[in-house]
Amino acid sequence: MCSIPVQAQSDVYLCVDANGKKEYKNTGITKGCKLVELPYTNTVPAPPSAKKSAPAPSRVSAIPSGFPKVDEGTQRARDSDRKQILLDELKLEEQKLDAVKKEYNGGDVERRADERQPSKYLERVNNLKNDLARTEKNIEALKREISNLK
(Lines give C-alpha, C1' and ligand atoms only; values in the text may rest on other atoms or scores of the structure.)
Protein backbone atom coordinates (compact mmCIF):
# COMPACT_ATOMS: atom_id res chain seq x y z
CA MET A 1 0.00 0.00 0.00
CA CYS A 2 1.38 3.37 -0.94
CA SER A 3 0.87 6.32 1.35
CA ILE A 4 0.92 9.91 0.19
CA PRO A 5 2.31 12.45 2.65
CA VAL A 6 -0.12 15.16 3.60
CA GLN A 7 1.25 18.65 3.57
CA ALA A 8 0.11 21.11 6.22
CA GLN A 9 1.60 24.28 4.85
CA SER A 10 -0.04 27.70 4.86
CA ASP A 11 0.96 31.18 3.76
CA VAL A 12 3.38 33.15 5.93
CA TYR A 13 3.43 36.94 6.00
CA LEU A 14 6.25 39.23 7.14
CA CYS A 15 4.77 42.30 8.80
CA VAL A 16 6.71 45.44 9.79
CA ASP A 17 5.03 47.88 12.18
CA ALA A 18 5.58 51.66 12.42
CA ASN A 19 8.56 51.15 14.78
CA GLY A 20 10.29 48.79 12.34
CA LYS A 21 9.60 45.67 14.40
CA LYS A 22 9.33 42.55 12.24
CA GLU A 23 6.72 39.89 12.95
CA TYR A 24 5.78 36.73 11.09
CA LYS A 25 2.06 35.89 10.85
CA ASN A 26 -0.09 33.30 9.16
CA THR A 27 -3.16 35.53 8.97
CA GLY A 28 -4.38 37.45 5.94
CA ILE A 29 -2.80 40.45 4.36
CA THR A 30 -2.83 43.58 6.50
CA LYS A 31 -1.06 46.93 6.20
CA GLY A 32 2.72 46.55 6.17
CA CYS A 33 2.62 42.77 5.48
CA LYS A 34 4.14 40.93 2.52
CA LEU A 35 3.74 37.30 1.56
CA VAL A 36 6.94 35.31 2.11
CA GLU A 37 7.80 32.67 -0.47
CA LEU A 38 8.91 29.51 1.37
CA PRO A 39 10.65 26.60 -0.31
CA TYR A 40 8.77 23.33 -0.64
CA THR A 41 9.16 21.15 2.45
CA ASN A 42 9.96 17.54 1.69
CA THR A 43 8.49 14.97 4.07
CA VAL A 44 9.23 11.27 4.33
CA PRO A 45 6.72 8.86 5.89
CA ALA A 46 7.81 6.78 8.84
CA PRO A 47 8.96 3.25 8.07
CA PRO A 48 6.40 0.52 8.66
CA SER A 49 6.42 -0.86 12.17
CA ALA A 50 7.63 -4.35 13.00
CA LYS A 51 5.15 -7.21 13.07
CA LYS A 52 2.86 -6.79 16.03
CA SER A 53 2.12 -10.48 16.23
CA ALA A 54 5.63 -11.30 17.41
CA PRO A 55 5.65 -12.68 20.95
CA ALA A 56 6.94 -10.42 23.69
CA PRO A 57 10.45 -11.28 24.88
CA SER A 58 10.48 -13.37 28.02
CA ARG A 59 11.32 -11.54 31.22
CA VAL A 60 14.87 -12.16 32.29
CA SER A 61 16.11 -11.36 35.76
CA ALA A 62 17.35 -7.77 35.98
CA ILE A 63 20.22 -8.91 38.20
CA PRO A 64 23.25 -10.21 36.29
CA SER A 65 24.44 -13.70 37.21
CA GLY A 66 27.82 -12.45 38.47
CA PHE A 67 26.30 -9.77 40.69
CA PRO A 68 27.46 -10.15 44.31
CA LYS A 69 24.76 -11.31 46.69
CA VAL A 70 24.42 -10.37 50.35
CA ASP A 71 23.19 -12.93 52.83
CA GLU A 72 19.92 -12.23 54.62
CA GLY A 73 21.50 -11.49 58.01
CA THR A 74 23.86 -8.88 56.58
CA GLN A 75 21.01 -7.20 54.70
CA ARG A 76 18.87 -7.12 57.86
CA ALA A 77 21.76 -5.49 59.74
CA ARG A 78 22.16 -2.90 57.00
CA ASP A 79 18.42 -2.17 57.03
CA SER A 80 18.52 -1.83 60.80
CA ASP A 81 21.46 0.59 60.58
CA ARG A 82 19.63 2.60 57.93
CA LYS A 83 16.52 2.80 60.08
CA GLN A 84 18.58 3.94 63.09
CA ILE A 85 20.29 6.64 61.00
CA LEU A 86 16.91 7.89 59.78
CA LEU A 87 15.54 7.90 63.34
CA ASP A 88 18.57 9.89 64.54
CA GLU A 89 18.10 12.40 61.70
CA LEU A 90 14.40 12.66 62.58
CA LYS A 91 15.27 13.38 66.21
CA LEU A 92 17.72 16.13 65.19
CA GLU A 93 15.17 17.70 62.81
CA GLU A 94 12.49 17.66 65.52
CA GLN A 95 14.92 19.40 67.93
CA LYS A 96 15.71 21.98 65.25
CA LEU A 97 11.97 22.49 64.66
CA ASP A 98 11.40 23.15 68.37
CA ALA A 99 14.23 25.71 68.43
CA VAL A 100 13.03 27.50 65.29
CA LYS A 101 9.41 27.55 66.55
CA LYS A 102 10.58 29.02 69.84
CA GLU A 103 12.58 31.76 68.11
CA TYR A 104 9.84 32.42 65.50
CA ASN A 105 7.23 32.68 68.28
CA GLY A 106 4.26 32.44 65.92
CA GLY A 107 5.54 35.33 63.79
CA ASP A 108 6.11 37.65 66.76
CA VAL A 109 9.92 37.59 66.62
CA GLU A 110 11.78 39.66 69.18
CA ARG A 111 14.04 42.38 67.79
CA ARG A 112 17.74 42.20 68.46
CA ALA A 113 19.92 45.18 69.28
CA ASP A 114 21.71 44.90 65.92
CA GLU A 115 18.40 45.10 63.99
CA ARG A 116 17.71 48.83 64.12
CA GLN A 117 16.89 48.84 60.44
CA PRO A 118 13.51 47.26 59.66
CA SER A 119 14.95 45.48 56.62
CA LYS A 120 17.38 43.43 58.77
CA TYR A 121 14.58 42.44 61.12
CA LEU A 122 12.25 41.47 58.23
CA GLU A 123 15.03 39.48 56.57
CA ARG A 124 15.60 37.48 59.77
CA VAL A 125 11.85 36.88 60.19
CA ASN A 126 11.59 35.64 56.59
CA ASN A 127 14.61 33.37 57.08
CA LEU A 128 13.04 31.91 60.22
CA LYS A 129 9.76 31.36 58.40
CA ASN A 130 11.58 29.58 55.55
CA ASP A 131 13.61 27.48 58.03
CA LEU A 132 10.40 26.49 59.78
CA ALA A 133 8.74 25.35 56.53
CA ARG A 134 11.86 23.51 55.34
CA THR A 135 12.31 21.71 58.67
CA GLU A 136 8.67 20.60 58.67
CA LYS A 137 9.09 19.23 55.13
CA ASN A 138 12.28 17.41 56.18
CA ILE A 139 10.43 15.79 59.08
CA GLU A 140 7.61 14.68 56.77
CA ALA A 141 10.11 13.20 54.31
CA LEU A 142 11.99 11.34 57.06
CA LYS A 143 8.76 9.92 58.50
CA ARG A 144 7.69 8.81 55.01
CA GLU A 145 11.08 7.16 54.43
CA ILE A 146 10.94 5.37 57.78
CA SER A 147 7.42 4.10 57.06
CA ASN A 148 8.63 2.68 53.73
CA LEU A 149 11.18 0.45 55.46
CA LYS A 150 10.35 -3.21 55.97
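Residues numbered from 1 in each chain as written. Predicted model: local features only at pLDDT ≥ 70, side-chain atom pairs only at ≥ 80, totals over all residues. Heavy atoms only, no water.

## Overview of the sheet that holds strand β2 (residues 22–25)
By way of backbone hydrogen bonds, the strands of a sheet pair with one another, either parallel or antiparallel.
Part 1 of the reasoning: Within the open sheet, the three strands sit side by side as β2-β1-β3. Their pairing is antiparallel. Every interior strand has two partners, whereas the edge strands, β2 and β3 (33–36), have only one. Across the sheet, the mean angle from the axis of one strand to that of its neighbour is 30°, orientation sign disregarded.
Part 2 of the reasoning: For strand β1 (residues 12–16) and β3, the ladder comprises four bridges, and the chain directions are antiparallel. Bridge pairing in β3 places V12 opposite V36. (Pairing = 2+ DSSP bridges. Helix = DSSP H or I, 4+ residues; strand = E, 2+ residues; numbered from the N terminus. Axes fitted to C-alpha atoms, helices over the stretch in contact; angles between N-to-C directions.)

## Quick word on the state of the cysteines
Part 1 of the reasoning: Taken as a whole and judged by the stated rule, the model has one disulfide.
Part 2 of the reasoning: Residue pairing for C15: its cysteine sulfur links by disulfide to C33, the two sulfurs lying 2.0 Å apart. Across the S-S bond of C15 and C33 the torsion is about 110°, and the bridge reads as right-handed. Of the two residues, C15 sits in strand β1 while C33 sits in strand β3, which places them 18 residues apart along the sequence. The same class applies to C15 and to C33, which are both buried. (Disulfide = S-S within 2.5 Å. Buried < 20%, exposed > 50% of the residue type's maximum accessible area, 1.4 Å probe, protein only.)

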